[in-house]
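The chain contents come next:
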Amino acid sequence: MTTTNRKKRFLKLRTLLLILLGAFILIQWYRPAKNVQQKPTAKDFLRQEKAPEQIAQLFQNSCYNCHSNYTNYFWYDNIAPASWYVDGHITDAQAQLNFSNWGAIDDRSRDILLSSIVSVLNEERMPLPSYTLLHTDAKLSAEEKEAIISWVFKIAQ
């Protein structure tokens, strides 16, 4: 390869990298709305169902970041395109179940959601493996899952 060809390739690569860097900087201007509610309301699941402290901690640690209005954002959740992924994930999760609005849900829907909580825990679909990969403390042990399931059966009666 001649020196001229190398220079042309280097200039093309440098131009491409500058364009990508510029695009990365530009996409930082679009910020999804943050899912941050300052304090729990009376409609919150843990308040409504009078959850014991241990159970409340498990829900807050493993479920509430996506399934409530109390997301604890990490530094990387503020960088696009990761911020877009996180925002979409939270929006989808809240469409399925939002613990912050528990008091506004009718009894039949509550029963269905409680049954769903048990199902996803038994089938190990929640918390999502993609979430626990970065948030290892959100992973539930077999004993913790059993404690949640037992408590859910108790409040479902």
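Residues numbered from 1 in each chain as written. Predicted model: local features only at pLDDT ≥ 70, side-chain atom pairs only at ≥ 80, totals over all residues. Heavy atoms only, no water.

Colleague: Report on the packing of aromatic side chains, specifying residues and quantitative values.
Modeller: Aromatic rings in a pair are described by how distant their centres are and how their planes are angled relative to each other. Applying the stated criterion across every chain, the model contains eight aromatic pairs. Look at Phe45 and Trp151: their rings are 5.7 Å apart centre to centre, the planes differ by 85°, and that puts the pair in the edge-to-face class. With Phe45 in helix α2 (residues 45–48) and Trp151 in helix α8 (residues 142–156), this pair connects stretches of sequence that are 106 residues apart. Residues Phe59 and Phe99 carry aromatic rings whose centres are separated by 5.4 Å and whose planes lie at 80° to one another, so their mutual orientation is edge-to-face. (Phe/Tyr/Trp six-rings, centres within 6.5 Å; stacked < 30°, edge-to-face > 60°. Helix = DSSP H or I, 4+ residues; strand = E, 2+ residues; numbered from the N terminus.)

Colleague: Break down the nonpolar core for me, with residues and values.
Modeller: Ranked by size, the top nonpolar core spans 23 residues in total, and within it Phe45, Phe59, Tyr64, Phe99, Ile117, Ile148 and Val152 carry the most contacts. Listed by contribution, the elements that provide at least two residues to this core are α2, α3 (53–62), α6 (107–122) and α8. Tallying contributions element by element places α6 first for this core, with five residues. Not counting chain neighbours up to four residues away, the residues in contact with Phe45 comprise Phe59, Tyr64, Phe99, Trp102, Leu114, Trp151 and Ile155. (Core = buried A, V, L, I, M, F, W, Y, C linked by side-chain atoms within 4.5 Å. Buried < 20%, exposed > 50% of the residue type's maximum accessible area, 1.4 Å probe, protein only. Contact = heavy atoms within 4.5 Å.)

Colleague: Quick one: what's the story with the environment of Glu53, residue by residue and with numbers?
Modeller: As for its placement among the helices and strands, Glu53 is situated in helix α3. When its relative accessible area of 56% is taken as the criterion, Glu53 is described as exposed. Taking the C-alpha atoms as reference points, Glu53 and Ile112, 59 residues apart in sequence, are found 24 Å from one another.

Colleague: Account for the pattern of salt bridges, with residues named and values stated.
Modeller: For the structure shown, the criterion picks out three salt bridges. For Glu123, the salt bridge is made with Arg125, and the minimal N-O distance between the two is 2.7 Å. Under the relative-accessibility criterion, Glu123 is labelled partly exposed at 49%. Taking the shortest distance from any N to any O, the salt bridge between Glu124 and Lys145 comes out at 3.9 Å. Highlighted residues: Glu124 in the loop between α6 and α7 (129–134) and Lys145 in helix α8, separated in sequence by 21 residues. (Salt bridge = Lys/Arg side-chain N within 4 Å of Asp/Glu carboxyl O.)

Colleague: Talk me through unusual backbone geometry; I want residue IDs and the actual numbers.
Modeller: In this chain, Ala80 is followed by Pro81 through a cis amide linkage whose omega measures 5°. Here Pro81 shows up in the loop between α4 (64–67) and α5 (82–96). Following Met126, the chain continues to Pro127 via a peptide bond in cis, the omega torsion being -15°. Relative to the assigned elements, Pro127 resides in the loop between α6 and α7. Backbone geometry places Lys50, a non-glycine residue, at a positive phi of 50°.

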